[in-house]
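Descriptive structure summary
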Amino acid sequence: SAGAPLPAGTRLTLITPRQPQTLQLARVISESPNDGDDVSERTPGPYYEIARVDGNQPLPELAIAVAVPGNSPASRIGDTFSLWLSADLPDVRARWCASYEGIHFTLWSGEPLKAKRIWHAYYSAGANLRPTCEAGDSRDDGGEAPSS
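Parameters and conventions
Every chain's residues receive numbers from 1 upward, in the order its sequence appears when written. The predicted nature of this model means local features are confined to residues of pLDDT at least 70 and side-chain atom pairs, given and counted, to a pLDDT of 80 or more, with totals for whole chains, interfaces and linings taken over all residues. Note: side-chain values were computed over all heavy atoms of the structure, leaving out hydrogens and water. When DSSP finds two or more bridges between two strands, those strands count as paired. Strands are runs of DSSP state E lasting at least 2 residues, helices are runs of H or I lasting at least 4, and numbering of each runs from the N terminus. Angles here are taken between N-to-C directions and fall from 0 to 180 degrees, while the axes themselves are lines fitted to C-alpha atoms, restricted in helices to the stretch in contact. Pairing of N or O atoms within 3.5 Å defines a polar contact, subject to two protein rules: one partner must be a possible hydrogen donor and the other a possible acceptor, and residues neighboring in sequence count only if both atoms are side-chain atoms. Contacts are assigned to residue pairs that have any heavy atoms within 4.5 Å of one another. To qualify as a nonpolar core, a set must consist of buried Ala, Val, Leu, Ile, Met, Phe, Trp, Tyr and Cys residues joined through side-chain atoms within 4.5 Å. Burial here depends on accessible area, computed with a 1.4 Å probe over protein chains only, as a share of the maximum for the residue type. Under 20% is buried, over 50% is exposed, and the range in between is partly exposed.

A few words now on the sheet that holds strand S3 (residues 47-52). Read from one edge to the other, the open sheet built from 4 strands follows the order S3-S2-S1-S4, with strand pairing classed as antiparallel. Each end of this open sheet is capped by a strand with a single partner; those strands are S3 and strand S4 (64-67). The sheet shows a mean angle of 45° between the axes of neighbouring strands, direction not considered. Where strand S2 (residues 23-32) lies against S3, 6 bridges are found, and the strand directions are antiparallel. Paired with Ser32 across the two strands is Tyr47, which belongs to S3.

So, in structure tokens, the structure goes:
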């Protein structure tokens, strides 16, 4: 989702949202124009050309890109990853789910659906999907999950 523009060289951590998650390191090459393709019609920019920095394997087709400070550590928790982004965000985790017509991508300040959701993006799939989302995935307040 839109934020401050990312300059060339910005380090990114790419997390594939499907479990078991994979993690790859990349860097921004340059900002790319909206070329009117199907994805850019369904997802707001900005858009970037990126390249891997940790090997020659291809970039994932679907991933959440997180701008990371320096050599931000990541650790595996079961089938997911936890990213350290700052003292205030020491345990950031990614999740995705399907609604009836699109996909919700989220980042959480801890265990998804239990911690505070700190980022949300929606991609319209343009087709009917089998919903997998829970209440906290798509709520608009971005706040704490309800206590149980």
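Once you've had a look at it, read on.
Here we take up the side chain of Ser82. Looking at the element boundaries, Ser82 is found in strand S6 (residues 80-83). A polar contact is formed between the side chain of Ser82 and the side chain of Asp91, at a distance of 2.4 Å. Residues contacting Ser82, with those up to four places away along its chain left out, are Pro73, Ala74, Ser75, Ile77, Pro90, Asp91, Val92 and Arg93.

A few words on the sheet that holds strand S7 (residues 93-98). Pairing in this open sheet of 3 strands is antiparallel, and the strands run S7-S8-S9 from one edge to the other. A strand with exactly one partner marks an edge of an open sheet, and here the two such strands are S7 and strand S9 (117-124). Averaged over neighbouring strand pairs, the angle between their axes works out to 15° when direction is ignored. Sheet topology places S7 next to strand S8 (residues 102-108); 6 bridges connect them, and they run antiparallel. Paired with Ala98 across the strands is Ile103, a residue of S8.

Membership of the largest hydrophobic core is limited to 12 residues, which are Ile15, Ile64, Val66, Val68, Leu83, Leu85, Val92, Ala94, Ile103, Phe105, Leu107 and Tyr123. Top contributing element to this core by residue count: S8, with 3 residues. Setting aside anything within four residues of it in sequence, one finds Leu107 in contact with Ile64, Val66, Val92, Arg93, Ala94, Lys116, Arg117, Ile118 and Trp119.

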